[in-house]
Amino acid sequence: MNMFLQLIPGINSQRKHLGFVWGPGDILVYETQHKAAGKQPVGPSCQDVQVVRKDEDIYSPILRKLFNESHHIFVGLQNIKDDLPSKNKKPQFVSISKNYRSIIRACMEELQQIAVSTRDPTLAAQYGNQVSILLAVELIWNLCEVLFIDAAPAGSLLLHLLDWVRLHKAEVDEKARDVLRCESPTRHQFFWDVVVSFVLQGRMEEARSMLAKQATLQPAAQGMFKRMDNLLAKMPIYNPGSTQTLPEFEMKWRQWHEECDACLQDNSFASSPHLETICKILLGDDDTLLEQKELLGTWYHYVVTRLLYTHPTVKPIDLHYYAQMCMDRFLDSRSPPEPLDSILLAAFEFDLHQVIKDCSIALNNWWFVAHLTDLLDHCKLLQSHNLHFGSNLREFLLLEYASGLFTHHSLWQLAVDYFDHCQGFGRTYLELLMERVPLDTERKALKVLRICEKRQMNEQVRSICKIMAMRALRNNRLGSALSWSIRAKDAAFATLISERFLQDYCSHGQFSDLDLIDNLGPAMLLSDRLTFLGKYREFHRLYGEKHFTEAAKLLLSLMTAKIAPQSFWMNLLTDALPLLEQKEVIFSVDQTHELMYCLEELTSGKTQSNPDRPMQEEDLETTKIELLRLALARNLAMAIVKEGTVEA
């Protein structure tokens, strides 16, 4: 719960002013040219920009379990129906709160085991510090659960506070085990400490069991021990499930209290200082309680014990008075209270806003305040705590927490759900941060893409697809590049890649990525060039399957409909040659005339030779044109004969 000072190597804030830039999870720190006031420059300046992580916890493997498991609870909480009355949802909220606490405790226990087993003192200290932070977090959460979420009334309230103290003051159980393990428990140095600690926590049965062992060894004092046992056994404990009313319980408790006072007044325990101390505790004697500071350990334990023996039916509204008084008496007035003390006091004062504010300052990440505030908001306890800027308090804290998660290479996926449940600015944050996710692999890119598509983030979908298409194109993976450009619905880029496919075909005489081109479907309509690529591949497929008539018709339509770029017509006409040379007439008279027209249109603009082209290429093209004219003339003659014969 302490704030840490981090030293940055190579940077001296005493010498020069520092500049910094905040990021979602990091801070960039650098030396500026401005000298610190009254200081002379000493030594060379630091030329580096230092990266300082604000939230180291997200890089801890054990604490990542906390983030992962709490995410599931958070999502489940958002799915609770709003139309149910708050009273009906209270058991669900209490259960969810306990689930959060069980995750904290599981992580804490795992960290404790590692801290004990590690041999590296630096790591052991780091783990020990994380354990102490989680202990404080669970302590605060548990108190908030008792006071705000469960909101126990007078009578039940103290029972919950006793459970709270017992859970977080468990050293007495370890001491008790040590005492009972020895041969003579009553002679153990901590025997009476254990008995008194049980009484301070209201654990009467355990205290009686320990005292019974002492009584058997002192036959002469049997009566005195019997009387103390009787007082402990008769202490009234409020039972919310019984038919007994609160006034009836208070009357019964006062009678018991008077009996304890009578025993002290008639010196029933004068011969045993330990039993006399216990009797004074039962009476709630303040001086005696303060003498047990070491066993109480904390001022909040002192609060609960004092209430147990002076005001067991305390009302929630009166808690702050007792808490402030006990803290003032218990703590050294010369030193300011620790952050944890201030937070707990704010909780006892039912000042939720102050609890959240102090926790935000004292803790080193947003996990605790974000999840607690979200739960309290669902309990309808934060309506009066809206911010004067931006969104409400719940959303502000969730946005901060989720933004931090986004800096981690795997936890960023959890952040998406948190943004989804921030109605004000969640989508805006998500859109901005999704564009910053490093697309290291195609698998990760697909994951990011699915998230964006599910949320209809069209701009981000296009951006991701373009990035991946460009990357694939640079690596000469044309099929992947085309697939991404189609997904991006980027006509210009799809045209560019289609051109590359056609160039590749011209160079190697065959298409790559046939599966993709064969299954373009409606996607081929994205651009004219892509349409041509798809149709041209279909021509080759028909030709390969010996569907010559359909292939010829498709080939001709690619030119006459101007689907094919004119620069590619010579390739198409060359592809027509094998069909023109078939024994059976494939092209009709009209089709042959159209092919001739296309050839003349292509060659009419090439009367002069291009000086930049090699002579060999010029000769090859001239040969192709002559062969085409010859084949077309022969096919026209055969088609005329065939069609004339049919007419006759």
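What you see is a predicted model; the values in this text were computed from it and never measured.

**Student:** Explain the overall build of the chain to me, and be specific about the residues and the numbers.
**Tutor:** Along its length, the chain carries 30 helices and three strands. Relative to its full complement of 648 residues, the chain shows a buried share of 46%. Of the contacts formed within the chain by residues at least 6 apart in sequence, a portion of 63% connects residues at least 24 apart. For the chain, the exposed area adds up to about 34100 Å²; of that, 52% sits on carbon and sulfur atoms.

**Student:** Quick one: what's the story with helix α26 (residues 528-544), residue by residue and with numbers?
**Tutor:** The terminal C-alpha atoms of α26 lie 24 Å apart, and with 17 residues this matches the ideal 24 Å at 1.5 Å per residue to within 8%. Those residues of α26 that fall on the buried side of the exposure criterion are Arg529, Leu530, Thr531, Phe532, Leu533, Gly534, Tyr536, Arg537, Phe539 and Leu542.

**Student:** Can you break down the packing of helix α24 (residues 491-508) against α26 residue by residue, with the values?
**Tutor:** Relative to each other, α24 and α26 sit at 35 degrees, their axes nearing to 8 Å. Packed against α24, whose contacting residues are Ala494, Thr495, Ser498, Glu499, Phe501, Leu502 and Tyr505, the element α26 presents Arg529, Leu530, Phe532, Leu533, Tyr536 and His540 at the interface.

**Student:** Explain the pattern of salt bridges to me, and be specific about the residues and the numbers.
**Tutor:** Taken as a whole and assessed by the stated rule, the structure comprises 30 salt bridges. For arginine 101, the salt bridge identified is with glutamate 145, shortest N-O distance 2.9 Å. Of this pair, arginine 101 sits in helix α2 (residues 86-117) while glutamate 145 sits in helix α3 (residues 121-149), and the two are 44 residues apart along the sequence. For the residue pair arginine 101 and glutamate 145, the accessibility class agrees, reading buried in each case. As a salt-bridge pair, arginine 203 and aspartate 173 come within 2.5 Å of each other at their nearest N and O atoms. A residue pair is termed long-range when its members are at least 10 positions apart, and arginine 203 in the loop between α6 (191-200) and α7 (204-217) and aspartate 173 in helix α5 (residues 171-181) qualify at 30 residues. Since its relative accessible area comes to 23%, aspartate 173 is described here as partly exposed. When salt bridges that share partners are traced, they join Arg101, Arg105, Glu138 and Glu145 into one network.

**Student:** Could you give an account of the packing of aromatic side chains, with specific residues and numbers?
**Tutor:** How two aromatic rings sit relative to each other is given by the distance of their centres and the angle of their planes. Taken as a whole and assessed by the stated rule, the structure comprises 27 aromatic pairs. Summarising the aromatic geometry, the rings of tryptophan 299 and phenylalanine 348 are spaced 6.0 Å apart at their centres and angled 65 degrees between planes, so their arrangement reads as edge-to-face. Taken together, the residues tryptophan 299 in helix α13 (residues 299-310) and phenylalanine 348 in helix α15 (residues 339-348) connect sequence positions 49 residues apart. Accessibility assignment for this pair places tryptophan 299 and phenylalanine 348 in one class, buried. Among the aromatic residues, those joined into a ring-pair cluster are Phe532, Tyr536, Phe539, Tyr543, Phe548 and Phe568. Sitting over the ring of phenylalanine 190, lysine 175 keeps its end group 4.9 Å from the ring centre. Its guanidinium or amino end placed over the ring of phenylalanine 330, lysine 293 lies 5.1 Å from that ring's centre, counting from NZ or CZ.

**Student:** Let's hear about the confidence of the model for the chain: which residues, and what values?
**Tutor:** Across the chain, the average pLDDT comes to 84, with 86% of residues at or above 70. No element of the chain has a lower mean pLDDT than strand β3 (residues 50-53), at 58, and none a higher one than α13, at 95.

**Student:** Now, about the side chain of arginine 101: what can you tell me, with residues and values included?
**Tutor:** Relative accessible area serves as the criterion here: at 11%, arginine 101 is assigned to the buried category. Within the structure, arginine 101 has its side chain in polar contact with the side chain of glutamate 145 (distance 2.9 Å). Residues in contact with arginine 101, not counting those within four places in the same chain, are Glu138, Trp141, Asn142, Glu145 and Leu167.

**Student:** A description of the packing of helix α21 (residues 442-454) against helix α23 (residues 478-488) should follow, citing residues and the corresponding values.
**Tutor:** Running from amino to carboxyl end, α21 crosses α23 at an angle of 10 degrees, the nearest separation of the two axes being 13 Å. The angle between the axes of α21 and α23 places the two elements in the roughly parallel class. Where α21 approaches α23, its residues Glu442, Ala445, Leu446, Leu449 and Glu453 are matched on the opposing element by Ser480, Trp484 and Arg487. Broken down by class, the residue content of the contact of α21 with α23 amounts to four nonpolar, one polar and three charged.

**Student:** Give a detailed account of the state of the cysteines, specifying residues and quantitative values.
**Tutor:** Under the defined criterion, the tally for this structure stands at zero disulfides. No disulfide involves cysteine 260; its sulfur sits 5.6 Å from the nearest other cysteine sulfur, which is in cysteine 279. The buried category is assigned to cysteine 260, whose relative accessible area is 0%. Unpaired in this structure, cysteine 359 has its nearest cysteine sulfur neighbour in cysteine 144, at a distance of 7.0 Å. A residue is classified by how much of its surface remains accessible, and cysteine 359, at 1% relative accessible area, is buried.

**Student:** Any details on unusual backbone geometry? Residues and values, ideally.
**Tutor:** Here alanine 151, not a glycine, exhibits a phi torsion of approximately 50 degrees, which is positive. Within the fold, alanine 151 resides in the loop between α3 and α4 (156-168). Overall, the relative accessible area of 41% leaves alanine 151 in the partly exposed class. Here the phi dihedral of asparagine 476 falls at roughly 60 degrees; this positive angle occurs in a residue that is not glycine. Considering the arrangement of structural elements, one finds asparagine 476 in the loop between α22 (458-474) and α23.

**Student:** Just give me the short version of α21, but keep the residues and values in it.
**Tutor:** Between its first and last C-alpha atoms α21 spans 18 Å; for 13 residues at 1.5 Å apiece the expected length is 18 Å, and the two agree. Listing the buried residues of α21 in full gives Lys444, Ala445, Val448, Leu449, Ile451 and Cys452. Buried residues of α21, viewed axially, fall in a sector of 160 degrees; they line one side. Relative to its buried face, α21 has exposed residues pointing more than 90 degrees away, namely Arg443 and Lys454. Where α21 is buried, its residues meet α19 (412-420), α20 (426-434), α22 and α23. Looking one or two residues beyond α21, the residue adopting positive phi is glutamine 456, at roughly 55 degrees.

Rules of the game
- Residues numbered from 1 in each chain as written.
- Predicted model: local features only at pLDDT ≥ 70, side-chain atom pairs only at ≥ 80, totals over all residues.
- Heavy atoms only, no water.
- Helix = DSSP H or I, 4+ residues; strand = E, 2+ residues; numbered from the N terminus.
- Buried < 20%, exposed > 50% of the residue type's maximum accessible area, 1.4 Å probe, protein only.
- Contact = heavy atoms within 4.5 Å.
- Areas by Shrake-Rupley, 256 points an atom, 1.4 Å probe, with all protein chains shown as cover.
- Expected span 1.5 Å × (residues − 1).
- Axes fitted to C-alpha atoms, helices over the stretch in contact; angles between N-to-C directions.
- Salt bridge = Lys/Arg side-chain N within 4 Å of Asp/Glu carboxyl O.
- Phe/Tyr/Trp six-rings, centres within 6.5 Å; stacked < 30°, edge-to-face > 60°.
- Lys NZ or Arg CZ within 6 Å of the ring centre and 35° of its normal.
- pLDDT = per-residue confidence, 0-100.
- Polar contact = N/O pair within 3.5 Å; in protein donor to acceptor, adjacent residues only side chain to side chain.
- Parallel < 35°, antiparallel > 145°, perpendicular 65-115°, else oblique.
- Nonpolar A, V, L, I, M, F, W, Y, C, P; charged D, E, K, R; others polar.
- Disulfide = S-S within 2.5 Å.
- Arc of directions from axis to C-beta.

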